[in-house]
Structure formats: structure tokens, C-alpha cells
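Coordinate inspection notes
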Amino acid sequence: MQPTLIPENLKAAREAMGITKVEAARRMNIPQSSYVRYENGVRKPTHATIIQMAQVLNTSAD
């Protein structure tokens, strides 16, 4: 099963690390505007992007 992004979980993981949206986007090597759209649920990331986000945020992609 392919992982899907739950915006609330993305925000919670970022906040648990104590980093800003700007810092999260920088660490993920994606534009800040894209990250904000993912966190707000406006845009859906690719499977590869979800995996990258999970690695950066030290969490599971599941």
C-alpha cells in the first residue's frame, strides 16, 4: 500500500522536531511554497517526496 500524506501528521512531526516550515522545506530540498501546500493539504506529494519527508522528520512513511 502506498503511503498517503496526512497534513496534521506532517505538521505534528515538524513541530515535534522544533523546526519552522522554512527549515523543513530546506532540509527536504523542496520549495517552501510546496511544503506549505503539503502541510495545508492543498497539494499531494509524490510517493518519493513522502519517503523523503519521513526521513527528514525521523518518522515512518506509514
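See the structure shown above.
Conventions we followed
Residues numbered from 1 in each chain as written. Predicted model: local features only at pLDDT ≥ 70, side-chain atom pairs only at ≥ 80, totals over all residues. Heavy atoms only, no water. Axes fitted to C-alpha atoms, helices over the stretch in contact; angles between N-to-C directions. Helix = DSSP H or I, 4+ residues; strand = E, 2+ residues; numbered from the N terminus. Parallel < 35°, antiparallel > 145°, perpendicular 65-115°, else oblique. Contact = heavy atoms within 4.5 Å. Nonpolar A, V, L, I, M, F, W, Y, C, P; charged D, E, K, R; others polar. Buried < 20%, exposed > 50% of the residue type's maximum accessible area, 1.4 Å probe, protein only. Arc of directions from axis to C-beta. Polar contact = N/O pair within 3.5 Å; in protein donor to acceptor, adjacent residues only side chain to side chain.

1. Overview of the packing of helix α1 (residues 7-17) against helix α3 (residues 32-40)
Viewed as axis vectors pointing N to C, α1 and α3 meet at an angle of 120 degrees, and their least axial separation amounts to 7 Å. Considering the angle they form, α1 stands oblique to α3. Within the contact between the two elements, α1 uses Pro7, Leu10, Lys11 and Arg14 and α3 uses Tyr35, Tyr38, Glu39 and Asn40. Residue classes in the contact of α1 with α3 are distributed as four nonpolar, one polar and three charged.

2. What about helix α2 (residues 21-28)?
Regarding α2, the residues found buried are Ala24, Ala25 and Met28. Projected down its long axis, α2 shows its buried positions confined to an angular sector of 95 degrees, all on one face. Those residues of α2 hidden inside the fold are in contact with α1, α3 and α4 (47-56). The first or second residue beyond α2 is asparagine 29, which carries a positive phi of 60 degrees.

3. Focus on the side chain of arginine 14
Within the secondary structure, arginine 14 is located in helix α1. By relative accessible area, arginine 14 is classed as buried at 7%. Within the structure, arginine 14 has its side chain in polar contact with the backbone oxygen of isoleucine 19 (distance 3.0 Å). Polar side-chain contacts of arginine 14 include one of 2.8 Å to the side chain of glutamate 39. Discounting chain neighbours no more than four positions away, the residues touching arginine 14 are Ile19, Thr20, Lys21, Ala24, Tyr35, Glu39 and Leu57.

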